[in-house]
Amino acid sequence: GRPPLPARGADAVVFVLGGVGITPALSLLPEALKTRKPGLVRVFWSMRSPRLLQKCAPMLEPHLTPGLHCIRMREGARPRPQASDGGLLLGAGEGRADVAEWLQTVGAELTAAGAKRALLYVCAPGGLAECASSAIAQVGGLRWRGDLERFHL
């Protein structure tokens, strides 16, 4: 199909990714940032594998603005991929995060920053993908376009 980016009509781009769904975002995230301020590109990434976080962190770090993204790893996963400050790489947290709640917050922040249209790019297992696509219907202030890629692993 047609790639979702550069998405010329979108003021903002929001990624919702599950596990290996990060793979296409490794090239799409830098593309999204070529024509948008970092605050208008957001990432939600939930994973089980510490090894996946460790492998992808060096490729993601240059494109992430601290505090604007939600990166979560399964609670208790070992080994813990640690940053130099003792926390998890990329400032990741442990345990689940509510993607619908996160999208509400991000939607309000993007609207306050002047965004009117947003692309939601989802590459995730069915449950996370469905939750994200349903949640944007509840996010006011933005006109959303969705690009969903569901997988079953």
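Up top is the structure these notes are about.
A quick note: this is a predicted structure, and the numbers were derived from the prediction, not measured. (Residues numbered from 1 in each chain as written. Predicted model: local features only at pLDDT ≥ 70, side-chain atom pairs only at ≥ 80, totals over all residues. Heavy atoms only, no water.)

Position of Leu 52 among the secondary structure elements: in helix H2 (residues 50-60). On the basis of relative accessibility, which here comes to 18%, the residue Leu 52 falls in the buried class. In this structure the C-alpha to C-alpha distance between Leu 52 and Gly 141, which are 89 residues apart in sequence, comes to 35 Å. (Helix = DSSP H or I, 4+ residues; strand = E, 2+ residues; numbered from the N terminus. Buried < 20%, exposed > 50% of the residue type's maximum accessible area, 1.4 Å probe, protein only.)

With that out of the way, let us pick up the sheet that holds strand S4 (residues 93-94). Taken in spatial order, the 6 strands make up an open sheet running S4-S3-S2-S1-S5-S6, and their pairing is parallel. Looking at strand neighbours, the two that pair on one side only are S4 and strand S6 (143-151), the edges of this open sheet. One ladder, built from 4 bridges, connects strand S2 (residues 41-47) with strand S3 (residues 70-73); its direction is parallel. From the neighbouring strand, Trp 45 faces S3, where its bridge partner is Ile 71. Contacts between H2 and the sheet are confined to S2 and S3, with S2 contributing the most and set at about 160° to the helix. Lying on the sheet, helix H4 (residues 126-135) is in contact with strand S1 (12-18), S2, strand S5 (117-125) and S6; it crosses S5 at an angle near 160°. (Pairing = 2+ DSSP bridges. Contact = heavy atoms within 4.5 Å. Axes fitted to C-alpha atoms, helices over the stretch in contact; angles between N-to-C directions.)

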